[in-house]
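Structural overview for review
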Amino acid sequence: MKIVIDTSEAIAQKAAEKYVELLDAKPDAVLGLATGSTPLGLYAELAKLCARGKITFAKAHSFNLDEYMGLEGTHDQSYRYFMNENLFSHVDMRIEETHVPSGVDVTEQTAADYDKLIEQAGGIDLQLLGIGNNGHIGFNEPNTPFGSKTHIVELTDSTRQANKRFFNSLEEVPTHAVTMGISTVMHAKSIILMAIGAGKAQCIKDTVEGPVTEAVPASVLQLHPDCTVYLDYEAASLLGK
Ligand code: F6R
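First, a word on scope: everything that follows refers to the structure included in this document.

Rules used in this analysis
Residues numbered from 1 in each chain as written. Predicted model: local features only at pLDDT ≥ 70, side-chain atom pairs only at ≥ 80, totals over all residues. Heavy atoms only, no water. Near = heavy atom within 4 Å. Areas by Shrake-Rupley, 256 points an atom, 1.4 Å probe, with all protein chains shown as cover. Nonpolar A, V, L, I, M, F, W, Y, C, P; charged D, E, K, R; others polar. Buried < 20%, exposed > 50% of the residue type's maximum accessible area, 1.4 Å probe, protein only. Helix = DSSP H or I, 4+ residues; strand = E, 2+ residues; numbered from the N terminus. Pairing = 2+ DSSP bridges. Core = buried A, V, L, I, M, F, W, Y, C linked by side-chain atoms within 4.5 Å. Contact = heavy atoms within 4.5 Å. Axes fitted to C-alpha atoms, helices over the stretch in contact; angles between N-to-C directions.

1. Some points on the site of the ligand
Residues in close proximity to the ligand total 14 residues, the closest being Thr38, Asp66, His136, Gly138 and Lys200. Isolated, the ligand exposes 410 Å² of accessible area, and the fraction of that covered by the protein chains is 92%. Class assignment of the residues belonging to the shell around the ligand gives a composition of three nonpolar, eight polar and three charged.

Here is the structure:
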C-alpha cells in the first residue's frame, strides 16, 4: 500500500491527479465510484478540472459500489441521486454509461448480473473507496468473506447509526443494501482508499498496520498490488503509535 498524508484539500487534489493521468492514458477507462462524505472534495476537484478542460469523462464508464435497497434513484438519499447531484451533473460523462446498482427489485441474480456487466465493460481500472468506522468498504461489513461478489447485505446497527445523519430518523435508514463484494473490489486494476477525520483513525490503523482479516474488511487492501491510501492528518493520527 502506498500512503499519502496531507490536508483534506491536498489529498482531494492529489487523488484527482490520478484521474487526470488515467483518463489521459485511457479515455474510455472504467471507474469504480463511491458515495459518502469522503469523496465530495475529490468530486468537486474533478468538476473543476473538467470545467477547465483538464480532464474529460466523455468516453469513460462508471460503476458505483453500492445502493440502499428499497430506494428509487429519484429518492434524495439514494446513491444514484447522490452521484447525479455531486458528480455526474458537473462533468461530461454520458449518464447512460454511469451504473449504480438498482435498489429496487433486487435479487441475488440482479446482483450477480452487476458483476457480469463490470466484466463485460473490461473490468474496473480505478476503484475509489471510502471506509466505514468499522472498517467496511462498500457495504461489506466485518466478516464478509473476502471471496464475495456483488450481493445483498443487512446493514449493521453501527452503519445505520452513522448514516442516520442524512435521514429524518433511524427508522428511515434502509436495513439492507446491495454492494459490490470484496472480490469485486479486489479485481480492480488500481484502488484509491480515502479517509478524512479523527473518527477514521482507528479503522485506518487496523487497515494499514493490523493483520489481514475479514473482521476488518479494508485490511484486504494490503494484498492488492496497486492501492494508494489518501489520508488527512487526523485520519492518519494513530499510524505508527
Ligand atoms: C459509499 C460506501 C461506504 C462509504 C463509507 C464511508 O458508497 O461504499 O463504504 O465509503 O461508509 O462513508 P463516509 O465517506 O460518509 O464517511
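2. Some remarks on the pairing of strand β9 (residues 190–195)
Across the six residues of β9, six count as buried, placing the element largely inside the fold. With four bridges joining them, strand β6 (residues 126–129) and β9 adopt parallel strand pairing. Bridge pairing in β9 places Gln127 opposite Ile191. Pairing between β9 and strand β10 (residues 227–232): five bridges, direction parallel. From the neighbouring strand, Ile192 faces β10, where its bridge partner is Thr228.

3. Side note on the sheet that holds β9
Taking strand neighbours across the sheet as the criterion, the seven strands line up as β1-β10-β9-β6-β2-β3-β5 in an open arrangement whose pairing is parallel. Across the chains shown, the open sheet's two edge strands, defined by having one partner strand only, are β1 (2–6) and β5 (98–99). Sheet topology places strand β2 (residues 30–33) next to strand β3 (residues 61–64); four bridges connect them, and they run parallel. The residue of β3 that forms the bridge with Leu31 is Ser62.

4. Quick notes on unusual backbone geometry
Residue Asp105 is not a glycine yet carries a positive backbone phi of 55°. Mapping Asp105 onto the fold places it in the loop between β5 and α4 (108–120). Take Asp105: its relative accessible area is 71%, and that puts it in the exposed class. You will see that Asn143, though not glycine, has its phi angle at about 80°, which is positive. Inspection of the secondary structure puts Asn143 in the loop between β6 and β7 (151–154). The class of Asn143 is exposed, set by a relative accessible area of 54%.

5. Details of the nonpolar core
Grouped together as the largest cluster of nonpolar side chains are 68 residues, with contacts concentrated most on Tyr19, Leu42, Tyr43, Leu46, Ile55 and Phe57. With seven residues, helix α1 (residues 8–25) is the largest single contributor of residues to this core. Setting aside chain neighbours within four positions, we find Leu46 in contact with Ala16, Tyr19, Ile55, Phe57, Leu87 and Val91.

6. Structural notes on the environment of Arg52
Within the secondary structure layout, Arg52 lies in the loop between α2 (40–51) and β3. Between the C-alpha atoms of Arg52 and Asp76, which are 24 residues apart in sequence, the distance is 29 Å.

7. What to know about the side chain of His136
Inspection of the secondary structure assignment puts His136 in the loop between β6 and β7. Residue class for His136 comes out buried when judged on its relative accessible area of 12%. Apart from the residues within four sequence positions on either side, His136 is in contact with Gly130, Ile131, Glu141, Thr159 and Pro217.

8. A look at the sheet that holds strand β4 (residues 66–68)
Sheet strands pair via backbone hydrogen bonds, and the direction of the pair is either parallel or antiparallel. If you trace the three strands from one edge of the open sheet to the other, you get β4-β8-β7, paired in antiparallel fashion. Looking at strand neighbours, the two that pair on one side only are β4 and β7, the edges of this open sheet. The mean angle between the axes of side-by-side strands here comes to 25°, regardless of whether they run parallel or antiparallel. Bridge count between β4 and strand β8 (residues 176–179): three bridges; the pairing is antiparallel. The partner of Asp66 across the bridge, within β8, is Thr179.

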